[in-house]
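Given next are the chains, with one letter for each unit.
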Amino acid sequence: MRSFPDSLFAIVLALLSVMTVSAQPQSPNFVVVFCDDLGYGDLGAFGNPSIRTPNLDRMAHEGQRWTSFYVGASVCTPSRAALLTGRLPIRNGMMSAKRRVLFPDSSGGLPKSEKTIAELLKTKGYATAAVGKWHLGHLEAHLPVNHGFDSYWGIPYSNDMDAQRGFPNYRRKAEEDPHYFAPVEQYQVPIIHNTTIVERPANQHTLTQRYTDKAIEFIQRHHEQPFFVYLAHSLPHIPLYAGKNHLGKSRRGIFGDVIEEIDAGVGQIMEILEDLEIDDNTLVVFTSDNGPWLPFRTHGGSAGLLREGKGSTFEGGMREPTLFWWPGKIKPGVQMEMGTTMDLLPTFCALAGVAAPNDRTLDGYDISSLLFGAREQGKRKHVFYWRSEELYALREGPWKLHFITEGCYGLGPKRTVHETPELYHLEHDPSEKYNVAHLHPDVVTRLIKSAEHHKAGINKMEDQLAGRIPTP
Ligand code: MG
């Protein structure tokens, strides 16, 4: 038996060790909920009059709602590459003049030399999961588990790929019926678990809820260590499907059902964080990869007061409804400074105490001080709007200069190269209605110089989207 002073000593030692552990700053958890083709005007919190989003409204109320938050490209593949690498896709070959995104016959994907958020956080012992649509290469070398994620469960590319003949034309059906959904067999999209196909075709009716369930299971399993969950919903990209609890429930047709199901999933994630008492140590971000796919009419979303949609470098293609939630940490309110998905990598690195890569150009900034309530101008001075390996436009403060304009993917005005670039004041004129280049020639000259300077700093990597798997 131990003597009294010995056991007292043991107790003091135990107490000291507990105090040391609790005094260490805890690495925060990160959850990114990334939608597909969601428009600026598709959430209740951003003014939609017929879609209910109570959980996203709560994120907006308790957190920050960003009104000038951008993506790195106006279509899926390059936009996703931008978020995960913190870099414009023109730098790493994930934007192409030949093919806009990756397809089931593509041989390429995100280059191994790129560093993703997941890879960086792994160096600090984070558990990392990718759930949902990947679209950065479906061959094994390019899958999430080979880009820093411990696990992956989801579809490897868009939910309208692997389309089969002999089914009704989706676009025509969508024009006729705001509640239409296609037979699941029409799209032979697989579900991949890590590197193995586990279901084909994916049952897309249940996919949104299953993604949420996978994210929640991961959080429950890993809540005692820091974690990063990248939850990339495949919807509301067409074809639209909703689970039985949401189908036919919204006032907005099946598009509204889809958004309300995504919203309910966000609520379930907030609830599990609260139940596990880790909500005060978890940053949740909600945004989308690009604007609404307008040709699908009621099956596509709405960019609200912004011009054009998916595929376009007008604001509707690249400005996204974005929310940040971290109770007790983020200063609630509306944030009007400029931000982009490329800011997430340096921000997460700073909060996790990981050094951001310094051997390459990053296009993001640490925005944590804005999130925590600093009354300051953001570090970001520019937003660059690239499409098909060309710089179409740039924003500097409130001014936006268009060198080339083109409408929404599959619709809208044809490509026009402007001999005299068009100038818009995005704060006075968020809908880009009034070209004021003739009133501000000095601003035009200054922005042309900024564009030239930016382009001179771009070292393009080889096109990763053009390659195809050889046919036997
Ligand atoms: Mg998309």
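Residues numbered from 1 in each chain as written. Predicted model: local features only at pLDDT ≥ 70, side-chain atom pairs only at ≥ 80, totals over all residues. Heavy atoms only, no water.

1. Description of the nonpolar core
In step 1: One finds Met59, Tyr170, Ile219, Phe227 and Phe286 to be the most contacted residues of the largest nonpolar core, which totals 64 residues.
In step 2: The greatest single-element share of this core, amounting to ten residues, is contributed by helix 7 (residues 254-275).
In step 3: Sequence-distant contacts of Phe286, that is, excluding residues within four places in its chain, are made with Val33, Cys35, Leu38, Leu43, Leu56, Met59, Ile262, Val266, Pro321, Thr322 and Leu323.
In step 4: Counting 42 residues, the second-largest nonpolar core is a separate cluster that includes Val32, Phe34, Leu136 and Leu345. (Core = buried A, V, L, I, M, F, W, Y, C linked by side-chain atoms within 4.5 Å. Buried < 20%, exposed > 50% of the residue type's maximum accessible area, 1.4 Å probe, protein only. Helix = DSSP H or I, 4+ residues; strand = E, 2+ residues; numbered from the N terminus. Contact = heavy atoms within 4.5 Å.)

2. Remarks on the pairing of strand 13 (residues 382-387)
In step 1: Among the six residues in strand 13, five count as buried, and that is most of the element.
In step 2: With six bridges connecting them, strand 13 and strand 14 (residues 390-396) associate as antiparallel partners. In the strand pairing of strand 14, Phe384 is matched with Leu394. (Pairing = 2+ DSSP bridges.)

3. Description of the pattern of salt bridges
In step 1: This model, assessed by the stated rule, comprises 23 salt bridges.
In step 2: Ionic pairing is found between Arg58 and Glu274, a salt bridge with its closest N-O pair at 2.5 Å. With Arg58 in helix 2 (residues 54-62) and Glu274 in helix 7, this residue pair connects regions lying 216 residues apart in the sequence.
In step 3: The partly exposed category is assigned to Arg58, whose relative accessible area is 27%. (Salt bridge = Lys/Arg side-chain N within 4 Å of Asp/Glu carboxyl O.)

4. Examining the packing of aromatic side chains
In step 1: Taken as a whole and judged by the stated rule, the model has 19 aromatic pairs.
In step 2: With 5.8 Å between their ring centres and 80 degrees between their planes, Tyr70 and Tyr385 make a pair best called edge-to-face. Residue Tyr70 is found in strand 3 (residues 69-70), and its partner Tyr385 is found in strand 13; the two are separated by 315 residues along the sequence.
In step 3: Take Tyr70: its relative accessible area is 0%, and that puts it in the buried class.
In step 4: An angle of 80 degrees between the planes, with centres 6.1 Å apart, marks the rings of Trp153 and Tyr211 as edge-to-face. With a gap of 58 residues between them, Trp153 in strand 5 (residues 151-154) and Tyr211 in helix 6 (residues 207-222) connect regions that are remote in the sequence.
In step 5: An aromatic cluster of at least three residues, connected via ring pairs, comprises Phe30, Phe34, Tyr126, Trp134, Phe149, Tyr152, Phe228, Tyr230 and Phe348.
In step 6: In this arrangement the basic side chain of Arg65 is found over the ring face of Phe46, its NZ or CZ atom lying 5.3 Å from the centre. (Phe/Tyr/Trp six-rings, centres within 6.5 Å; stacked < 30°, edge-to-face > 60°. Lys NZ or Arg CZ within 6 Å of the ring centre and 35° of its normal.)

5. Topic: the confidence of the model for the protein chain
In step 1: Of all residues in the protein chain, 95% attain a pLDDT of 70 or more, and the chain-wide mean is 95.
In step 2: Ignoring residues within four places in sequence, the model shows residues 18-24, a span with pLDDT below 50, making zero contacts including any to other chains. (pLDDT = per-residue confidence, 0-100.)

6. A closer look at the domain arrangement of the protein chain
In step 1: Partitioning the protein chain into domains gives domain 1 (26-371) and domain 2 (382-456).
In step 2: Counting from both sides, the interface comprises 29 residues of domain 1 and, opposite them, 29 residues of domain 2.
In step 3: Carbon and sulfur atoms supply 60% of the area that domain 1 and domain 2 bury against each other, a total of about 2600 Å² over both sides.
In step 4: On the domain 1 side of the interface with domain 2, the three residues burying the most area are Thr313, Phe314 and Met338, jointly 23% of the side's total.
In step 5: Inspection of the region where domain 1 meets domain 2 yields one salt bridge.
In step 6: The partner of Glu315 in a salt bridge is Lys400, with the nearest N and O atoms 2.8 Å apart.
In step 7: Where domain 1 packs against domain 2, one counts 13 residue pairs in polar contact (both at pLDDT 80 or more). (Domains from an automatic or database assignment. Buried area = accessible area lost by both parts, 1.4 Å probe. Polar contact = N/O pair within 3.5 Å; in protein donor to acceptor, adjacent residues only side chain to side chain.)

7. Brief notes about the coordination of the magnesium ion
By definition of the ideal shapes, four donors in a tetrahedron about a metal sit 109.5 degrees apart, and six donors in an octahedron sit 90 or 180 degrees apart.
In step 1: Only Asp36 (OD), Asp37 (OD), Cys76 (SG), Asp289 (OD) and Asn290 (OD1) from the protein reach the magnesium ion as donors, at distances of 2.1 to 2.6 Å.
In step 2: Read from N- to C-terminus, the donor residues coordinating the magnesium ion fall into the pattern D-D-x38-C-x212-D-N. With Asp37 in the loop between strand 1 (29-35) and helix 2 and Asn290 in the loop between strand 9 (282-288) and helix 8 (315-318), this residue pair connects regions lying 253 residues apart in the sequence. Taken individually, Asp37 and Asn290 each receive the classification buried, so the pair is uniform in this respect. (Donors = N, O, S within 2.8 Å, 3.2 Å for Na, K, Ca; no water.)

8. Observations concerning the environment of Val75
In step 1: Its place among the elements puts Val75 in the loop between strand 3 and helix 3 (76-85).
In step 2: Those residues in contact with Val75, other than ones at most four positions away along the chain, are Arg100, Val101, Asn290, Lys310, Gly311 and Tyr409.

9. Concerning the environment of His418
In step 1: With respect to the helices and strands, His418 occurs in strand 16 (residues 416-425).
In step 2: Those residues within four positions of His418 in sequence are excluded, and the remaining contacts are His402, Phe403, Ile404 and Thr405.

10. Structural notes on the sheet that holds strand 15 (residues 399-405)
In step 1: Pairing is antiparallel across the open sheet formed by four strands, whose spatial order is 13-14-15-16. Edge strands, defined here as strands with exactly one partner in the open sheet, are strand 13 and strand 16. Averaged over all adjacent pairs, the angle separating strand axes in this sheet is 15 degrees, with direction ignored.
In step 2: Looking at chain direction, strand 15 and strand 16 are connected through six bridges and run antiparallel. Along strand 16, the bridge assignment pairs Trp399 with His425. (Axes fitted to C-alpha atoms, helices over the stretch in contact; angles between N-to-C directions.)

11. Notes on the side chain of Arg87
In step 1: Relative to the helices and strands, Arg87 resides in the loop between helix 3 and helix 4 (117-122).
In step 2: One polar contact links Arg87 to Glu114, side chain to side chain, over a distance of 2.8 Å.
In step 3: Polar side-chain contacts of Arg87 include one of 2.8 Å to the backbone oxygen of Thr361.

12. Remarks on helix 9 (residues 344-352)
In step 1: Along helix 9, eight of the nine residues are buried, which leaves the element largely enclosed by surrounding structure.
In step 2: If you check which residues of helix 9 are buried, you get Leu344, Leu345, Pro346, Thr347, Phe348, Cys349, Leu351 and Ala352.
In step 3: Looking one or two places after helix 9, you find Gly353, whose phi comes out positive at around 75 degrees.

13. Observations concerning the state of the cysteines
In step 1: Inspection of the entire model under this criterion finds zero disulfides.
In step 2: With no disulfide partner, Cys35 has as its closest neighbouring cysteine sulfur the one in Cys76, 12 Å distant.
In step 3: For Cys35, a relative accessible area of 1% corresponds to the buried category.
In step 4: Lacking any disulfide linkage, Cys408 is separated from the closest cysteine sulfur, that of Cys76, by 12 Å. (Disulfide = S-S within 2.5 Å.)

14. Some points on the sheet that holds strand 4 (residues 127-132)
In step 1: With mixed pairing, the ten strands of this open sheet are ordered in space as 7-6-5-4-8-1-9-10-2-11. A single partner strand is all that each edge strand has here, and the edge strands are strand 7 (196-199) and strand 11 (333-335). Ignoring which end each strand starts from, the neighbouring axes of this sheet average 20 degrees apart.
In step 2: For strand 1 and strand 9, the ladder comprises seven bridges, and the chain directions are parallel. Of the residues in strand 9, the one forming a bridge with Asn29 is Thr282.
In step 3: Lying over the sheet, helix 6 contacts strand 1, strand 4, strand 5, strand 6 (191-193), strand 7 and strand 8 (227-232), oriented at roughly 180 degrees with respect to strand 8.
In step 4: Sitting on the sheet, helix 7 touches strand 1, strand 8, strand 9 and strand 10 (322-325), and the angle it makes with strand 9 is about 170 degrees.

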